[in-house]
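Observations on the three-dimensional arrangement
Here's the letter readout for the chains.
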Amino acid sequence: MMPVSRLAPSGSVASVKARNAQPKTCLSSKVGVKAALKLGKVQQRAVVSQAAKTVKMTATGVDWAAEAAALDNASPLEIMDHALRSFPGEIGIAFSGAEDVALIHYAHMTGRPFRVFSLDTGRLNSETYYLFDAVEKRYGIRIEYTFPDQQEVMELVREKGLFSFYEDGHQECCRARKVRPLRRQLSTLDAWITGQRKDQSPGTRTEVPVVQVDPAFEGKSGGTGSLIKYNPLSNIIGTDVWAFLRAFDVPTNDLHQQGYVSIGCEPCTRAVLPGQQEREGRWWWEEAADKECGLHKGNIEGKEGGADAGPEEVTDLYTAPAIGKADIEALLTGARAQDTMVVVYAPWCQFCQGFEEQFNSLVAEGGPVKMVKFQGDGDMKEFCQTKLGLQSFPAIYMFPKHTGMVIPYPTDRRDSEFLKAFVRATATY
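Below or above, wherever it landed, is the structure these notes cover. Note that the structure is predicted; figures quoted are calculated from it, not measured. Residues take numbers from 1 onward in each chain, read along the sequence in its written order. With the structure being a predicted model, the display of local features is reserved for residues of pLDDT at least 70 and the display and counting of side-chain atom pairs for 80 or more, all residues being used for whole-chain, interface and lining totals. Think of the side-chain values as coming from all heavy atoms in the structure, minus any hydrogens and water.

1. Focus on the overall build of the chain
Within the chain, the regular secondary structure consists of 15 helices and ten strands. Here's how the labels work: a residue is buried when its accessible area is under 20% of the maximum for its type, exposed when over 50%, partly exposed in between, all with a 1.4 Å probe on protein chains only. Looking at the 429 residues of the chain, the share that counts as buried comes to 53%. Contact definition: two residues touch when any of their heavy atoms are within 4.5 Å. Sequence separation of at least 24 residues holds for 75% of the intrachain contacts in the chain that already meet a minimum separation of 6. The protein chains shown are the only cover counted for residues, whose accessible areas, like all others here, come from Shrake-Rupley with a 1.4 Å probe. In the structure as shown, the chain presents an accessible area of about 18900 Å², 52% of it carried by carbon and sulfur atoms. In this text, helices come from DSSP runs of H or I with a minimum length of four residues, and strands from runs of E with a minimum of two, each type numbered from the N-terminal end.

2. Brief notes about the packing of aromatic side chains
The pairing test for Phe, Tyr and Trp rings, Trp by its six-membered ring, is centres within 6.5 Å, and the orientation test on the planes gives stacked under 30 degrees, edge-to-face over 60, and tilted for anything in between. Overall, the coordinates contain 19 aromatic pairs when judged by the stated rule. With 6.4 Å between their ring centres and 75° between their planes, Phe87 and Tyr230 make a pair best called edge-to-face. Of this pair, Phe87 sits in the loop between helix 4 (76-86) and strand 1 (91-94) while Tyr230 sits in strand 6 (residues 228-230); the two residues are 143 residues apart in sequence, bridging distant segments of the chain. In this pair, the class of Phe87 matches that of Tyr230, namely buried. Between Tyr318 and Tyr345, the aromatic rings sit 5.1 Å apart at their centres with planes inclined by 65°, giving edge-to-face as the arrangement.

3. Side note on the packing of helix 11 (residues 325-332) against helix 14 (residues 381-388)
Note on method: axes are straight lines fitted to C-alpha atoms, helices fitted across the in-contact stretch only, with angles between N-to-C directions ranging 0 to 180 degrees. The contact between helix 11 and helix 14 brings their axes to 12 Å, and the two run at 5°. It follows from the interaxial angle that helix 11 and helix 14 lie roughly parallel. Seen from helix 11, the contacting residues are Lys325, Ile328, Glu329 and Leu332; seen from helix 14, they are Phe383, Lys387 and Leu388. Residues of the contact of helix 11 with helix 14, tallied by class, amount to four nonpolar, no polar and three charged. Orientation categories follow fixed angle ranges, with anything under 35 degrees roughly parallel, anything over 145 roughly antiparallel, 65 to 115 roughly perpendicular, and all other angles oblique. As a working rule, the residues Ala, Val, Leu, Ile, Met, Phe, Trp, Tyr, Cys and Pro are called nonpolar, Asp, Glu, Lys and Arg charged, and the rest polar, with Gly in that last group.

4. Examining helix 3 (residues 64-71)
The complete set of buried residues in helix 3 reads Trp64, Ala68 and Leu71. What you see down the axis of helix 3 is that its buried residues fit within an arc of 75°, all on one side. Helix 3 presents Ala65, Ala69 and Ala70 as exposed residues on the side facing more than 90 degrees away from its buried surface. You can read the cap of helix 3 off the contacts: a side-chain oxygen lies 3.3 Å from the backbone nitrogen of Ala65, and it is on Asp63. As used here, the arc belongs to the directions running from the helix axis to the C-beta atoms. Whenever two N or O atoms come within 3.5 Å, that pair is a polar contact, provided that in protein one can donate a hydrogen and the other can accept it, and provided that, for residues adjacent in sequence, both atoms are side-chain atoms.

5. A look at the environment of Cys384
Its location among the elements puts Cys384 in helix 14. Expressed as a C-alpha distance, the spacing of Cys384 and Ile328, which sit 56 residues apart in the sequence, is 9.3 Å. Cys384 has contacts with Val344, Phe374, Gly376, Gly389 and Leu390, leaving out every residue within four places of it along the chain.

6. Looking at unusual backbone geometry
Looking along the chain, the bond that leaves Phe393 and enters Pro394 is cis, with omega of -10°. With respect to the helices and strands, the residue Pro394 is situated in the loop between helix 14 and strand 9 (395-399). One non-glycine residue, Asp249, lies in positive phi territory at about 55°. Checked against the element boundaries, Asp249 lands in the loop between helix 10 (238-247) and helix 11. A residue is classified by how much of its surface remains accessible, and Asp249, at 2% relative accessible area, is buried. The phi angle at Tyr318 is positive, at roughly 75°, despite the residue not being glycine. Along the chain, Tyr318 falls in the loop between helix 10 and helix 11.

As structure tokens, then:
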């Protein structure tokens, strides 16, 4: 059997520790100390967890925004204990086979019973399956595997082939293999626990409270607001999660040692380079805002709704002046009086709406680069796909004054810092 990474000190043997045991490593680095103090709080928090009374809560009748505010400065262990205490037997930990294995160890540390489920899409790496096996043996649990509908996947593959997502986007495949199976699993629960963190993708995961009424899925009782979602790692950075995993000798995915950070299905996951955001290794052929499979779209800033949710009615976006098709054609032929940055958008697109504040701020700052917008949906979509290589909205292009080049915005991040860096790197003023 393929060995599973243990990230333990050299020569040590993995074992199940008591929930209040000290870690084997000395945690001498600053990151390690922070992980031990903020993430673990092992001795004190485990005692608090064990002593707390179990009081079953419901999705309705509770001010969950107030609960989130009260827990915002709590450690992941305290948040996990709150979750398991509030929904005994009716809550599940979503485990993807990546660093969210930390959630399982936190649950183990509380001393409370817990359930774990995972979506087996049929396209996972072998290393992920070996990790599932190691986790089951380490914690003495059986993971509740959830699978796609056989008929739906068969029809999709027969019609479009095994790798259609490289050509027309991953959303259709993710809906069949991940979102709908997840929806079925969550319909059997009152609450679920995820490994989402705000620092995973600053462009799409900035709104991740530690607990919330799930904005996208329904729970066992059915209807809007019937499911609670806990995100115990929300305020924790990735380096601290990894310090925790090393300190407690938690099994991890061997792919992490090969440069993989965010891990999903094998065809849609690759290693990232130093300095890249971790989700740049997912669906690398698509625009940044599309790099959510649909499981957590409700946490995109200012937006709610699942993968099947409809668009929001918005008539127009952005304060930048609008240009037309003739202007784009002129820019493409090299008729450029100045450096010009064009945002191609669709008013109804939730990702375009989420980008409005950042782009308007850049426009307001002024400067030698001309900032304009071009509405690229409807009759203009084919034109944009043919002339600009448009794949999804919004798309950003720089047309430098002194060259005939068209430079697409290259990264997952659309925050102010990266937008300004793109302008400085590509403009010729």
